[in-house]
There are 2 protein chains.
Amino acid sequence: MADKTAITPTRSEDFPEWYQQVIKAADMAENSETRGCMVIKPWGYGIWELIQKDLDARFKATGHENAYFPLLIPLAYLEKEAEHAEGFATECAVVTHHRLEAQKDPETGKTKMIPSGKLAEPYVIRPTSETIIGAAFARWVESYRDLPLLINQWANVMRWEMRPRLFLRTAEFLWQEGHTAHETATEAVAETTTIHQLYSDFLRDVLAIPVVMGEKTEAERFPGAEMTLTVEAMVQDKKAIQAGTSHYMGQNFSSAQDISFVDRENKKQFAHTTSWGVSTRLIGTLIMAHSDDDGLVLPPQVAPKQIVIIPVTPKEESRQAIIDACHALAQTLTSQTFHGQNLRVHVDDREIGGGQKKWEWVKKGVPLRIEIGPRDLESHKVCLQRRDQGIRDKSFLDREEFLREVQSHLDAVHQSLLQRARTLREEGTSECTDLASFESHWSSSDFPGWLLTPWDGSREQEEELSKKHKIAIRCIPISEEVASEAPCILTGNPTTRRALWGRSY
Amino acid sequence: MADKTAITPTRSEDFPEWYQQVIKAADMAENSETRGCMVIKPWGYGIWELIQKDLDARFKATGHENAYFPLLIPLAYLEKEAEHAEGFATECAVVTHHRLEAQKDPETGKTKMIPSGKLAEPYVIRPTSETIIGAAFARWVESYRDLPLLINQWANVMRWEMRPRLFLRTAEFLWQEGHTAHETATEAVAETTTIHQLYSDFLRDVLAIPVVMGEKTEAERFPGAEMTLTVEAMVQDKKAIQAGTSHYMGQNFSSAQDISFVDRENKKQFAHTTSWGVSTRLIGTLIMAHSDDDGLVLPPQVAPKQIVIIPVTPKEESRQAIIDACHALAQTLTSQTFHGQNLRVHVDDREIGGGQKKWEWVKKGVPLRIEIGPRDLESHKVCLQRRDQGIRDKSFLDREEFLREVQSHLDAVHQSLLQRARTLREEGTSECTDLASFESHWSSSDFPGWLLTPWDGSREQEEELSKKHKIAIRCIPISEEVASEAPCILTGNPTTRRALWGRSY
Ligand SMILES: [Zn+2]
Ligand SMILES: [Zn+2]
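In short, a report on the structure. Since the model is a prediction, treat every value here as computed from it, not as a measurement.

Let us look at the coordination of the zinc ion (ligand 2). All names here are of chain B. Within the protein, the zinc ion (ligand 2) binds to H327 (NE2) and D349 (OD); these donor distances fall in the range 1.8 to 2.2 Å. Of this pair, H327 sits in helix α8 (residues 316-334) while D349 is found in the loop between β18 (345-347) and α9 (354-364), placing the two residues 22 residues apart along the sequence. Among the residues examined, H327 registers a relative accessible area of 37% and is labelled partly exposed. Here D349 falls in the partly exposed class, since its relative accessible area comes to 33%.

Time to look at the environment of L296(B). Residue and element names in this part refer to chain B. Tracing the backbone shows L296 in the loop between α7 (281-290) and β15 (307-311). Taking the relative accessible area as the measure of exposure, L296 reaches 0% and is therefore buried. Separated by 277 residues in sequence, L296 and Y19 place their C-alpha atoms 9.3 Å apart.

Another aspect to go through is the packing of aromatic side chains. Under the criterion given, the structure shown has 26 aromatic pairs over all chains. Arranged with centres 6.0 Å apart and planes meeting at 35°, the rings of F137(A) and W140(A) form a pair that is tilted. On the criterion of helical spacing, the pair formed by F137(A) and W140(A) is a turn pair, its members being three residues apart in helix α4 (residues 130-140). Take F137(A) and W140(A): they sit in the same class, and that class is buried. A centroid spacing of 5.9 Å and a plane angle of 35° characterise the contact between F69(B) and W140(B), whose relative ring orientation is tilted. With F69(B) in the loop between β3 (65-66) and β4 (72-74) and W140(B) in helix α4 (residues 130-140), this residue pair connects regions lying 71 residues apart in the sequence. Judged by relative accessible area, F69(B) falls into the buried class, the value being 0%.

This next bit is on the pattern of salt bridges. Tallied over the entire structure, the rule returns 50 salt bridges over all chains. Here the salt bridges do not stand alone but share partners, grouping D27(A), E30(A), K41(A) and R139(B) into one network.

As a further point, take the interface of chain A and chain B. The partner chain B presents 66 residues to the 67 residues of chain A that form the contact. Together chain A and chain B conceal approximately 5,600 Å² of surface at their shared face, both sides included; 60% is due to carbon and sulfur atoms. When the area that chain A buries against chain B is broken down by residue, the three leading residues are Y68(A), L100(A) and M113(A), summing to 12%. Counting across the chain A and chain B interface gives eight salt bridges. With a closest N to O distance of 2.6 Å, R99(B) and E91(A) form a salt bridge. Tallying contributions element by element places strand β6 (residues 111-125) of chain A first for the side of chain A that touches chain B, with ten residues.

Residues and elements named next belong to chain A. Read across the sheet, eleven strands follow the order β3-β7-β8-β14-β11-β10-β9-β24-β27-β23-β22 without closing on themselves; strand pairing throughout is mixed. The sheet terminates laterally at β3 (65-66) and β22 (429-431), the two strands that pair on one side only. Note that β3 and strand β7 (residues 149-158) share two bridges and pair parallel. Within the sheet, the bridge partner assigned to N66 lies in β7 and is N152. Running at roughly 30° to strand β8 (residues 172-182), α4 makes contact with β7, β8, β11 (240-250) and β14 (272-279) of the sheet. In the packing of helix α7 (residues 281-290) onto the sheet, contacts are made with β10 (227-234), β11 and β14, and the angle to β11 comes to roughly 145°.

Residue and element names in this part refer to chain A. Look at the link from T8 to P9: it is a cis peptide, with omega at -5°. Its place among the elements puts P9 in the segment before α1 (15-26). Cis geometry is adopted by the peptide bond preceding P148, which originates at L147 and carries an omega value of -5°. Looking at where P148 falls in the secondary structure, it is placed in the loop between α4 and β7. Of note in this structure, F167 is not a glycine but carries a positive phi near 70°. You can see F167 is positioned in the loop between β7 and β8. The buried category is assigned to F167, whose relative accessible area is 1%.

Now for α1(A). Residues and elements named next belong to chain A. In a regular helix each residue adds 1.5 Å, so twelve residues correspond to 16 Å; α1 covers 17 Å between its end C-alpha atoms and thus fits that length. Within α1, the full set of buried residues consists of F15, W18, Y19, V22, I23 and A26. For α1, the arc enclosing every buried residue in end-on projection is 135°, short of the 170-degree limit, so these residues lie on one face. Buried residues in α1 make contact with β1 (29-31), α2 (42-61), α7 and α9 (354-363). Measuring from the backbone nitrogen of E17 back to the side-chain oxygen at the start of α1 gives 3.2 Å, which picks out D14 as the cap. With its phi angle positive at about 60°, D27 sits one or two positions after the end of α1.

On to the sheet that holds β18(B). Residue and element names in this part refer to chain B. Ordered by their spatial adjacency, five strands build an open sheet running β18-β15-β19-β20-β21, and the pairing between neighbours is mixed. If you trace the sheet from one side to the other, it starts and ends with β18 and β21 (395-398), each paired once. Strand-to-strand, the axes of this sheet are offset by a mean angle of 30°, without reference to chain direction. Pairing between β15 and β18: three bridges, direction parallel. Each bridged residue has a counterpart across the sheet, and for I309 the counterpart in β18 is V347. Its contacts with the sheet place α8 against β15, β18, β19 (368-372) and β20 (381-386), and it is angled at close to 165° to β15. Along the sheet, α9 contacts β15, β18, β19 and β20; its crossing angle with β15, the most-contacted strand, is approximately 175°.

Cut-offs used in this document
- Residues numbered from 1 in each chain as written.
- Chains lettered and ligands numbered in written order.
- Predicted model: local features only at pLDDT ≥ 70, side-chain atom pairs only at ≥ 80, totals over all residues.
- Heavy atoms only, no water.
- Donors = N, O, S within 2.8 Å, 3.2 Å for Na, K, Ca; no water.
- Helix = DSSP H or I, 4+ residues; strand = E, 2+ residues; numbered from the N terminus.
- Buried < 20%, exposed > 50% of the residue type's maximum accessible area, 1.4 Å probe, protein only.
- Phe/Tyr/Trp six-rings, centres within 6.5 Å; stacked < 30°, edge-to-face > 60°.
- Salt bridge = Lys/Arg side-chain N within 4 Å of Asp/Glu carboxyl O.
- Contact = heavy atoms within 4.5 Å.
- Buried area = accessible area lost by both parts, 1.4 Å probe.
- Pairing = 2+ DSSP bridges.
- Axes fitted to C-alpha atoms, helices over the stretch in contact; angles between N-to-C directions.
- Expected span 1.5 Å × (residues − 1).
- Arc of directions from axis to C-beta.
- Polar contact = N/O pair within 3.5 Å; in protein donor to acceptor, adjacent residues only side chain to side chain.

The structure is reproduced here in structure tokens:
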């Protein structure tokens, strides 16, 4: 008989419901009374702060600066954009009034708030800041000397989602959006690929998520983009999550927005622009990638607490000495660093049962748990448990030895999560060379994995296949070596092009 | 004849216009096409990031955690609130629709965006998150064991401002809002004063702004608060800016929102709550406090660049050696720290005139400018200029000596700004004991300073005097020693109470 798990249902029983329960058990976020919008609680927000801090340093190291643009976008900006971009998002919150009037109901005595002060020109809450940042760039750029312009914004954005899901798809979400303008296509393409690589490195080295780097097909591209690069993560139900994208817009956007400059030959040119972003969706991705039937599992670099120390105090006479030893250990650990930041350590000395404590931290995904009991105190040992290992696995280490090796224990957790995710992806990806097995694959299992196929079909053919099986080409993977020629699964034409197909969130 | 200044007009010619020009010359922010909303450009946003980083560490060190709550607030929350709080803000952006429909004008061919998808219940964009955080607290708090709850949020908020002014008063602004709930009044009051002191320390030690700490009178209190503590800064036109406030709400707010808990005696109680905040208004305050007729002057801890190194290269043969020396110096400096952070150093090796460079950095308020020319290179010296000193003042220092003392030069800039601001405030504050001179004071000058008076009047008398002279009691200053009894300037009743009156932004 299987052990009872902390999360009900388990992943195999009901993956979507398991996901919600992991978030609840870890106390990360909850739904609010604002439709489709979540409250991000301290444990969830702490993860976001760590994601932000790491990415922000990477953006700055590659020459980007942060700025802040208005939340509300004049409709005129969107009208201009709609003329240039098809598939333009229109599910957004519209502000039409600027005042509330309180009216008292004479019968019930209740106060009602009535919108008043109608705006001559409504605004929308930014679904992205493309247009308003573009308008600023048009003001700022005059000469080639003003380029490149490398701007990032950390902000909240809003899209009216009909089927919200915590972190993965919410009406309001937090994100960063990079917007850059360049003198030449070459420079703008280089920026697009630099960020693509930056995202991939970040996901692997910080979130322990291995991604497939690739290019979107025309059908899946950002509206108006010439090239969309994506990092695609596989999560445990073998679906794909598009974790971050980086777009080269060519001169499409700059000509619509009049982002022009006088070049070195004194001629007017339109700038080449890019945009790129990741969002709180990364938190959903990391939950689905690493967590297990006992709850959240956090890669150490984004764990709000990396180590929790639990005093085990069965006897009153040694109680205080154990608690003191725990605090002393915490203090020593806190002065050590891991990846350039001081270790985040917490002593849980609440007066509640040890089992309850342990399970709380298991469900919150803390990478390392340390217990110190009376015998450990005497023998100068600590009992170490790793979140990536079996729930009953433990090792007893000399206190000094643990202090010397704590970083390598954290690194080991990171590596084991990364390796597990790699294995999942490798086992969840198959090559497929004929249409019959391609078609049967998508109905053969509840969790069909990804298929890599020779592909030379048209946009229409791609869209037809995608619709039929509720799949999409996640990307055309970018790889060092060119694949050998093989017949396209649909057209039979020989091609070196490979398409990666999958279901997705 | 006075020297020409970099900013026109000067402070004494036209203070409000000088303020706008300082922002423009430093490239900190600009107006946008969204009514009353600004674009915060990298130099302005960089200051805000440094403010955030410092305050955030102080909040965490005092036990607070960050979280994030929805941007949109259901009207029902405000209706509940309006029944309890008078003077409730109603100038806010109202979201009434959730979709845009693109319509093509058949004649012009232009696309128009039309709001559609009318919401059954409109939302407002948060003017503050008091109500939506209160609703969350009501869900989260059940027992005294759940208290205290110490939450902070960094967010954008929106109030429909009729007379916007960059940083000081904008429709959208960035801020932090702390919201806490406690078991007892004593604990909640202690929280309120802890944050009051934290704000005062931060303003003095980071922004070099000395503040008056005091309590607001009932007339000036936050709606629904039992006590509002404030830190008041004097700026160079001798007006007051309320730089931060900390409110003790008693049980007023918790009873309206049903934030209740089962206490240690197993009885239901309402929590005692507090709230507190500072905003991008701090940037406006710091500009008006320190800047001069040559532009922005930045206290070193919030300067995006603390040191700018300018190569002076009159001769082609020594050009590269000088530029290399500048970069080498920058690298050495960057590995040093100031108040726990690596020094922020920039080498300006653009190929433009040295005068233009110098003035750009003067106008941006960089604390220390270093020039290295051919002779300096040979003699291992650097030429140091401090932004708080005369524009032509310079000192030649041995390179090694400068490296040893760089932190003390930065500290000296901080101290001199703080001392200057203290002197301004001391010279701008007078004690006043009779009504006649009180009344004449407010019309005697364009920049009347603050008056400290014995005050025992009623709320109505306070409001009448305030309205008549366009002033307000900024606060009842908190001081260690009780003032001697003196007759109230209005009623003549003897009182130990002192009121600080002033004009304000
Ligand atoms: Zn303790
Ligand atoms: Zn250089």
